[in-house]
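Working through the structure, step by step
Residues per chain, in single letters:
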Amino acid sequence: MFKIVYRYILRNKKYSISAIIGIVVSTMLMFSMIQISASYIISYRSFISSGAPQDFYVVDLSYDELTAINEKFSNMGKDKPDRYLSTIYVGDMDYDLSKASVIMGYEGDLDYFKKTSLISGEYPSAENEMCVEESYTISNPELKIGDELTLVFTMTDQTDEKQLKVSRTFKVCGIIKDTMDTGNFFFTDLKTAADIYSENGLPCSKSNSITVEAEEGNLNEDKQVIAVNAISDIVVDGTPEDRRYFNYEQLIRNEEKTANYAEEGSFRAVSVGIFLLSLIIAVCLTIFVYNTITLSFARKISVFGTMRCIGLNNRQLIRFILSEQFLIVSAGTIIGMASGALLNLAVAEKIMSALINTAASMKVEQKVSTYLITYLLTLVSAFIACLKLILKIRKTNPVNIRTFNATKKMLTEKTKMFSSKNYLFGLALRNLRRNFAKSAIQTVTLTVSFLLCLVISNVFAVVGFNSVKTAADFSDYSIQTNITDLKSENNCFTEADLEQLCSTDKVEKVYTEKCFVDYTWDKAKQQDEDDNLQVMLYDDELWMQFSKINGITYDGSKPFSVLISEKEFKEVEIYSRDTDNKFSVKPDHWFAAASQLNYALYHNSNTLIINEKLAESNNMENKGYCAFLVKTDRSMTELSAMTFSASDVYVTDLHDGRAESESQLIGMIIISGYIVIATIVLSFMIISNTIKENMTSRRSEYGVMRAMGLKLKDLWTVACYENLVLSLIAVLISIPLSLIVNVYISFVLFDKIKISILAYLLVNLIFIGAIELFAYFNIKGSTKDSIVEMIYER
Amino acid sequence: MIMGIISLKNVNKYYKTGDNSFHALKDINLEIEEGEFVVILGKSGSGKSTLLNVIGGLDGYDSGDVIMEGFNYQNADDTLMSDLRCRKIGFVFQAYNLIPVLNVYENITFPVNIGGGNVDKKYIANVIKELGLEGKEKSFPNQLSGGQQQRVAIARALANKPKIVLADEPTGNLDTAISSDVIELLTHGVKEYGHTLVMITHDPDIAQFADRIVTIEDGKIV
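Residues numbered from 1 in each chain as written. Chains lettered and ligands numbered in written order. Predicted model: local features only at pLDDT ≥ 70, side-chain atom pairs only at ≥ 80, totals over all residues.

**Points about the overall build of chain B**
Summing up its helical and strand segments, chain B has 7 helices and 10 strands in all. Taking all 222 residues of chain B together, the buried fraction comes to 48%. Restricting to contacts in chain B with at least 6 residues of sequence separation, those with at least 24 account for 73%. (Helix = DSSP H or I, 4+ residues; strand = E, 2+ residues; numbered from the N terminus. Buried ≥ 20, exposed ≤ 12 C-beta atoms within 10 Å, placed from the backbone. Contact = placed C-beta atoms within 7 Å.)

**Remarks on the packing of helix H4 (residues 121-130) of chain B against helix H5 (residues 146-159) of chain B**
Residues and elements named next belong to chain B. At a closest axis distance of 10 Å, the pairing of H4 and H5 adopts a crossing angle of 150°. As the angle between them shows, H4 and H5 are arranged roughly antiparallel. In terms of crossing hand, the pair formed by H4 and H5 is right-handed. Between H4 and H5, the contacting residues are Ile124, Val127 and Ile128 on the first element and Ala155, Leu158 and Ala159 on the second. When the residues that make up the contact of H4 with H5 are grouped by side-chain class, the tally is 6 nonpolar, no polar and no charged. (Axes fitted to C-alpha atoms, helices over the stretch in contact; angles between N-to-C directions. Parallel < 35°, antiparallel > 145°, perpendicular 65-115°, else oblique. Left-handed = near helix turned anticlockwise from the far one by under 90°. Nonpolar A, V, L, I, M, F, W, Y, C, P; charged D, E, K, R; others polar.)

**With respect to the sheet that holds strand E3 (residues 37-41) of chain B**
Residues and elements named next belong to chain B. Within the open sheet, the 6 strands sit side by side as E6-E7-E8-E3-E9-E10. Their pairing is mixed. Since the sheet does not close on itself, it has two edges, and those belong to strand E6 (89-92) and strand E10 (220-221), each with one partner. Lying on the sheet, helix H1 (residues 48-55) is in contact with E3, strand E7 (164-168), strand E8 (196-200) and strand E9 (212-217); it crosses E8 at an angle near 150°. The sheet contacts of H5 involve E6 and E7, and relative to E6 the element is tilted by about 175°. (Pairing = 2+ DSSP bridges.)

**As for the interface of chain B and chain A**
Contact with chain B, which involves 27 residues of that partner, is made by 25 residues of chain A. Counting residues per element, the ones that place at least two in the side of chain B that touches chain A are helix H2 (78-87) and helix H3 (104-114) of chain B. Tallied by class, the residues present in the side of chain B that touches chain A amount to 12 nonpolar, 9 polar and 6 charged.

**Points about the pairing of E6(B)**
Residues and elements named next belong to chain B. Covered by surrounding structure in E6 are Ile89 and Phe91 together with Gly90 and Val92, the residues of both alternating faces. Judged from the 4 bridges that link them, E6 and E7 form a sheet pairing that is parallel. Bridge pairing links Gly90 to Val165 in E7.

**What about the nonpolar core?**
If you look at the biggest cluster of nonpolar residues, it comprises 146 residues, and the most contacted ones within it are A:Val289, B:Ile40, B:Ile154, B:Ala155, B:Val165, B:Leu166 and B:Val198. For this core, the leading source of residues is helix H2 (residues 13-50) of chain A, giving 14 residues. Residue contributions to this core reach at least three from each of two domains, namely domain 1 (1-52 + 257-406) and domain 3 (418-465 + 658-794) of chain A. Every residue in contact with B:Ile40, bar those within four places of it in the chain, is listed here: B:Lys48, B:Leu51, B:Leu52, B:Val198, B:Ile200, B:Val214 and B:Ile216. (Core = buried A, V, L, I, M, F, W, Y, C linked by C-beta atoms within 7 Å. Domains from an automatic or database assignment.)

**Here we look at helix H23 (residues 757-781) of chain A**
Between its terminal C-alpha atoms H23(A) stretches 36 Å, which fits the 36 Å expected from 25 residues at 1.5 Å a residue. Every buried residue belonging to H23(A) is among A:Ala759, A:Tyr760, A:Val763, A:Asn764, A:Phe767, A:Ile771, A:Phe774, A:Ala775 and A:Ile779, and all of these are buried. (Expected span 1.5 Å × (residues − 1).)

**Quick word on the confidence of the model for chain A**
All names here are of chain A. Of all residues in chain A, 74% have pLDDT values of 70 or greater, and the mean over the chain is 76. Counting interchain partners and residues more than four positions distant, the pLDDT-below-50 stretch residues 517-522 has 22 contacts. Note that pLDDT drops below 50 for residues 593-597; the model gives that stretch 11 contacts with residues more than four away or on any other chain. (pLDDT = per-residue confidence, 0-100.)

**So, the confidence of the model for chain B**
Within chain B, residue pLDDT values average 87, and 98% of them lie at 70 or more. Predicted complex metrics record ipTM = 0.87 and pTM = 0.60.

**Brief notes about the UniProt feature "transmembrane region" (unreviewed entry) in chain A**
Residues and elements named next belong to chain A. Feature annotation in UniProt places "transmembrane region" (unreviewed entry) on residues 20-42, 269-290, 326-348, 368-391, 440-465, 665-687, 715-745 and 757-777, given in this structure's numbering. The span residues 368-391 carries 100% helix and 0% strand; its end-to-end C-alpha distance comes to 33 Å. Overall, residues 757-777 shows 100% helix and 0% strand. The separation of its end C-alpha atoms is 30 Å. (UniProt positions renumbered as here; feature names shortened; annotations may be inferred.)

**Observations regarding the sheet that holds strand E1 (residues 6-17) of chain B**
The strands making up a sheet are joined through hydrogen bonds of the backbone, oriented either antiparallel or parallel. Residue and element names in this part refer to chain B. Taken in spatial order, the 4 strands of this open sheet run E2-E1-E4-E5, and their pairing is antiparallel. Whereas interior strands pair on both sides, the edge strands pair on one side only; in this sheet they are strand E2 (20-32) and strand E5 (71-72). Two strands pair when backbone bridges link them, and E1 and E2 are joined in this way by 9 bridges, in the antiparallel orientation. When the sheet's bridge partners are listed, Tyr14 is paired in E2 with His23. Across the face of the sheet, H1 comes into contact with E1, E2 and strand E4 (63-68) while running at roughly 60° to E2.

Right, here's the structure in full:
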């Protein structure tokens, strides 16, 4: 049987190749999308876990504080952090002794944070017990659990940096390996470590710390806050200075991880978005495979009938059908997946990086499950198509197999006759009624294609590809001071600094941002909310640039403000921390997305930007300048070498970010083009197949009509009418569905509804036009056959 | 020589399949008069159906002329040929070839409607009555017997009052009893309305009713 199938496939090269090509293209696209979607989540997960695992750690803690914190955590019930590790650094040993050289005191989730493995024995549970690193036992093979071990190590006095050689004897309680730290370590318990310090008269090391991960794998902000507060209650003595020291010196948050957790939403949104697209393509693919197989059956139905007539039994015929389709679908799917994998190697990483701006390294993950899903999906759709035929074959006499397509159910004596007024249209409608299931499938096919194209084209249309405007469009560098430390003296730029800069050779223009005294006016809160906003003041010239970029009208003679926030508030209250002074501002504008346009101006997402007039009218004193934006031909090195009044100054090249954003823009264009082309190719393939299948299954009938005198152009008219009706139905269904999807997508992207009427009109017109063109070319293609050949299906 | 309703002059047709070429019609010269009943006889593969298809414009030919009422097929584009088939030629196929989505009445009036003409309801009603299809107007082909379907096909062929009716083994799929009924209806219908009838058949009993028998052998008229 296999030989016959194989020969049959080779003899029908044209069909076989066209079917395989169709399956290759659609499988390639679907596979590519599924792989990208899956890779996003994997990249994100590996990125999150690739760096330091902690959410935060607190340094400069005494042993008593560490002990108190551990005790407090253990009594916190459900608020207790999932993972925490207290450490006391003891000292360094001579490097020659082993791979490990550091002695630490640990208590807590050592396995989790340091990724150790206990080879034998146990972790320290009593004083003076020690776990030694495996490499030490290799160079000292006679060492065993329970032995006493004297180590000589160097401790440092943090106050005067003096070093002290210390010798101490420990009892070996365990042997560990796979310690992640460079230099590796031996470790004892916290008490022993603390005792070593006190025995040698040394103060507590600044590197004593507690590391906390509030919840494994997830950032639970509330839980993190509770943990921080629990620690600060123990560590902070209540004075503002001490609190400030804790907040800014002792408490070290894993900003990268926090920022990356914040990106989780983006990752998931993009991943879900791409996966949804891949699902839609998967639906198109299954419809396409179904169509392809149905088309091939339409061409071969008489052959099957003949095979049955000459002696092939049902089972053999079914095996023939399944074998042929299995070979074709498998060939198409395997080539398609290979092509998809190659395609992803070429473009996927650009696409992935383009969609999310992150430090995560995006790479395409090769997972067996992606291949399996794709393969199974195509096989299943092929099987469903074959199933329909197989079920019919089993019930039908061999001689009647040819008449599968005959109308039986839908048309009866009660069917209304159509008038001769628009005869061809009536004929078209009757054709659609002839097999309602087939017409329904064709409508679904068209609807899915339309839907896909409407969604893609709308996104394409509303995103727009204008270059993102940033400060880099009108300046080259920003010179900034540390605005979080405004209380300190000499941390603002002065008028003299501004004058110096303006008078520097090759400096074309300087824009300024101002800050306010003492934090008192530097905080604002939204009505009934506790979010802290930052308050910035732009000079009028900077306002002009800002307004131009954001398309707003600015009048410097009036108080003016813009709120950059994810939420829109009608009123913002600016208050003084230390006095009762406060006033309300109703921002003239607010932007959710504008912060992205202005990210180069280093704002965080919650900023109220005011003008001089507003500051003046509310008696807001300002201390000086916190930033300059400079347009200049000078280099960054030259600017960095300049001396300013502010002590903490840093210079940023604004064009650095620009190159990245331009490459992201290119990435966006690539992915949009990729998706649009994929959509169009797949949709047109499906439509073309649908029309071909109609033509093929009714070839004889069309031949008879031609014999009766139907002109070719009239035949085309009938086909056009049929496709037009199906298209219009598909349009009527796909428009509301696509609107729902597009509303959701536009909210995710822009926080508001953005629908492009033009895109909708164009897509519908192009598709309907394309469908009619396909019909025309198919009809035209039939002119090469004589009418006799059509009637007798030669 | 009086020009008949249709005349073929030195018509040749070849069938090409791959590198092979088969000479299906060899220098065919044939005149058919108006109102004549002509039977084309010949063995299987002799070229009977090919000749009929060429006459009806369903198939092309490679050389010669086919002229119907002064109109040369060589000069016709698709529109003109379609018009010819619609208005002047009626076909009856062996396998009936009714259009499955149209009921009996719609099948019969199909050539009239696609030609843009008005249906002569009285005439059609007469044809339906003559062919014993009364009461079946709204039935669909799959609800009819073979004989009934063939009668519909005949009625369809007559619907546009064609000049010539071409019937390719119209009784080939029918049993003897029905066959003779159908032949009688066909010949009666044709005579009644003054059409010319050209029929292919194997059956010598049918051939005896013809005004003329044309025998074709190996693509040549003998």
